[in-house]
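Take a look at the letters that make up each chain.
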Amino acid sequence: MNLIGVRPALSGISGSKKLGFFSFNGGNQPINFKPGGVYQIKVAVEEKQTLKLDVKGKVDRFANGHAGKNHSHLSTIGNSTNIKWHECPVQKTDRQNLLQQRGCVIWITGLSGSGKSSVACALNQMLYQRGRLSYILDGDNVRHGLNRDLSFKAEDRVENIRRVGEVAKLFADAGFICIACLISPYKKDRAACRAMLPSGDFIEVFMDVPLRVCEDRDPKGLYKLARAGKIKGFTGIDDPYESPSDVEIVLQCNTGDCSTPRDMAGKVISYLEEKGYLQA
Ligand SMILES: Nc1ncnc2c1ncn2[C@@H]1O[C@H](COP(=O)(O)OS(=O)(=O)O)[C@@H](OP(=O)(O)O)[C@H]1O
Ligand SMILES: Nc1ncnc2c1ncn2[C@@H]1O[C@H](COP(=O)(O)OP(=O)(O)O)[C@@H](O)[C@H]1O
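Since the structure is predicted, the reported quantities are computational estimates derived from the model, not experimental observations.

Student: For this particular structure, what's the right way to read the site of ligand 2?
Tutor: In the neighbourhood of ligand 2, 14 residues make up the surrounding shell, with G113, K116, S117, S118 and S259 lying closest. A distance of 2.8 Å is found between an oxygen atom of ligand 2 and a side-chain nitrogen or oxygen belonging to K116. Here a nitrogen atom of ligand 2 and a backbone polar atom of S259 are 2.9 Å apart. Within the complex, 72% of the 550 Å² of free accessible area of ligand 2 lies under protein. With respect to the pocket detection grid, ligand 2 is positioned in the second largest pocket. If one sorts the elements of the shell around ligand 2 by residue count, helix α2 (residues 116-129) sits on top with 3 residues. For the shell around ligand 2, the per-class residue count stands at 4 nonpolar, 8 polar and 2 charged.

Student: Looking at this structure, how should I read the packing of α2 against helix α8 (residues 261-275)?
Tutor: Describing two packed helices takes the angle between their axes plus the distance from one axis to the other. Interaxial distance between α2 and α8 falls to 8 Å at its minimum, and their mutual angle equals 55°. Judged by the inter-axis angle, α2 sits oblique to α8. The way α2 lies across α8 gives a crossing that is right-handed. On α8, the residues that touch S118, V119, A122, L123, M126, L127 and Q129 of α2 are P261, R262, M264, A265, G266, V268, I269 and L272. Counted by class, the contact of α2 with α8 contains 11 nonpolar, 3 polar and 1 charged residues.

Student: What should I look at first to understand the side chain of D239 in this one?
Tutor: As for its position among the elements, D239 is in the loop between α7 (222-227) and β13 (249-252). A relative accessible area of 18% places D239 in the buried class. Each residue touching D239, except ones within four places of it in the same chain, is listed here: F152, R157, Y186, G233 and F234.

Student: Would you mind showing me how to read helix α4 (residues 154-174) here?
Tutor: One full turn of an α-helix is made of 3.6 residues, so residues set three or four places apart face in the same direction. Compared with the 30 Å implied by 1.5 Å per residue over 21 residues, the 30 Å span of α4 between its first and last C-alpha is a close match. By the burial criterion, the buried members of α4 are D156, R157, N160, I161, R163, V164, G165, A168 and A172. Where α4 is buried, its residues touch α1 (92-99), β9 (104-109), β10 (134-138), α3 (139-142), β11 (177-181) and α5 (187-195). The first or second residue beyond α4 is G175, which carries a positive phi of 100°.

Student: Help me out: how do you make sense of the site of ligand 1 in this one?
Tutor: If you check the shell around ligand 1, you find 19 residues, and the closest are S112, R143, N160, S184 and K220. One of the side-chain N or O atoms of R143 is found 2.8 Å from an oxygen atom in ligand 1. A distance of 3.0 Å separates an oxygen atom of ligand 1 from a polar backbone atom of I183. Within the complex, the protein chains bury 91% of what would otherwise be the 630 Å² of accessible surface of ligand 1. Those elements giving two or more residues to the shell around ligand 1 turn out to be α3 and α4. Broken down by element, the residue count for the shell around ligand 1 peaks at 3 residues, all from α4. Looking at the shell around ligand 1 residue by residue, the classes come out as 7 nonpolar, 7 polar and 5 charged.

Conventions and cut-offs
Per chain, residues are indexed from 1 in the order of the written sequence. Both sets of labels track the order of writing: A upward for chains, 1 upward for ligands. Given that the model is predicted, a residue must reach a pLDDT of at least 70 before its local features are reported, and side-chain atom pairs must reach 80 or more before they are shown or counted; all residues, however, enter totals for whole chains, interfaces and linings. Water and hydrogen atoms were dropped before computing side-chain values, which therefore reflect all heavy atoms in the structure. For this purpose, a residue is taken to be near a molecule or strand whenever a single non-hydrogen atom of the residue falls within 4 Å of it. In protein, a polar contact means a hydrogen-donor-capable atom and an acceptor-capable atom, both N or O and within 3.5 Å, with residues adjacent in sequence counting only if both atoms are side-chain atoms; elsewhere, any N or O pair within 3.5 Å suffices. Here the open area of atoms and residues is found with the Shrake-Rupley method and a 1.4 Å probe, where only the protein chains shown may cover a residue. In this analysis, the protein atoms alone were mapped onto a 1 Å grid. Cavities are point sets where a 1.4 Å probe fits without being able to get out; pockets are open sets with protein on both sides within 12 Å along at least five of seven lines; lining residues have an atom within 4 Å of a point. Think of it this way: a molecule belongs to a cavity or pocket when more than half its atoms come within 2 Å of the grid points there. The numbering of helices and of strands both runs from the N terminus, where a helix is a DSSP run of H or I of at least 4 residues and a strand a run of E of at least 2. Residues were grouped as follows: Ala, Val, Leu, Ile, Met, Phe, Trp, Tyr, Cys and Pro as nonpolar; Asp, Glu, Lys and Arg as charged; and all remaining residues, including Gly, as polar. For every element, the axis is a line fit to its C-alpha atoms; helices are fit only across the contacting stretch, and the angle between N-to-C directions ranges from 0 to 180 degrees. Should an angle lie under 35 degrees it is considered roughly parallel, over 145 roughly antiparallel, and from 65 to 115 roughly perpendicular; all remaining angles are considered oblique. In this scheme the handedness of a crossing depends on how the near helix is turned from the far one: anticlockwise by less than a right angle means left-handed, clockwise means right-handed. Residues count as neighbours in contact if any of their non-hydrogen atoms are within 4.5 Å of one another. The buried label goes to any residue with under 20% of its type's maximum accessible area, the exposed label to any with over 50%, and the partly exposed label to all in between, with areas taken from a 1.4 Å probe on protein chains only. One less than the number of residues in a helix, times 1.5 Å, gives the span that helix is expected to have.

Quick look at the structure:
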């Protein structure tokens, strides 16, 4: 296994799967760690480190005492030149142990009016009642601050999703169950956010609600304005929404008679329980 030039990030080593993820040339390479195993991993400038795992598969320590980042190498990331990753001793696994949960991103996508915010709030509340920490990144809300400079033209939507994806990744790294609810109309952008996280930690939820139901609801009167040509480039009217085909959870409502947001959120809770996200 050649991991030269990598920036090993020991996130995701928890739960029953004992998976470790190493950032490799910008991507994530899942590696199966076995409990009790001792692994030699070649990093950066031919430096060898021994990663020890305890019987539960948790990282015990690195033989040479640091977390295996490349401490000598300077990187160029986008327009940022000569930057270096700074590692601290308290890691994601420590924060997860503190919170007794696993950090992840629940990404809720769907048309305006499909019920994203309602499900996000219900889920947030149900998790809170179970003593689990979650935080909502709602497209509408984030556009009040961080993304106030962005419009609804295609390239701004792309940037909107990229920024929220990055923020969500930070929340997940902090150990939160981060609930991002945005229209996120383009498949490619959702896939890019998925790729930012270790496999399994990006849980996509599709609000499968047809346009006619959303338009009937129209709580903000935006569809009416869009139909009247007073809002240009409105998703579903004169701007595309690319429905996902392969997601973790589909919450469907074909008629005006849907299950409640709480029932829908319950399905997400079941998924989280089943996959072990509600324990460290
Ligand atoms: N042109 C256009 N198209 C779609 N939506 C519009 C538009 N203009 C304003 N709004 C309001 O903005 C909310 C969607 O913001 P998002 O950040 O989630 O959108 S996106 O993911 O960047 O497409 C969306 O909120 P939700 O109804 O909660 O989805 C709308 O209230
Ligand atoms: N499961 C549901 N059944 C019926 N109405 C719903 C449901 N979920 C949301 N709504 C209603 O639909 C409208 C849009 O919901 P909202 O959560 O704001 O959607 P979005 O965030 O996707 O725009 C609101 O008036 C809300 O009360």
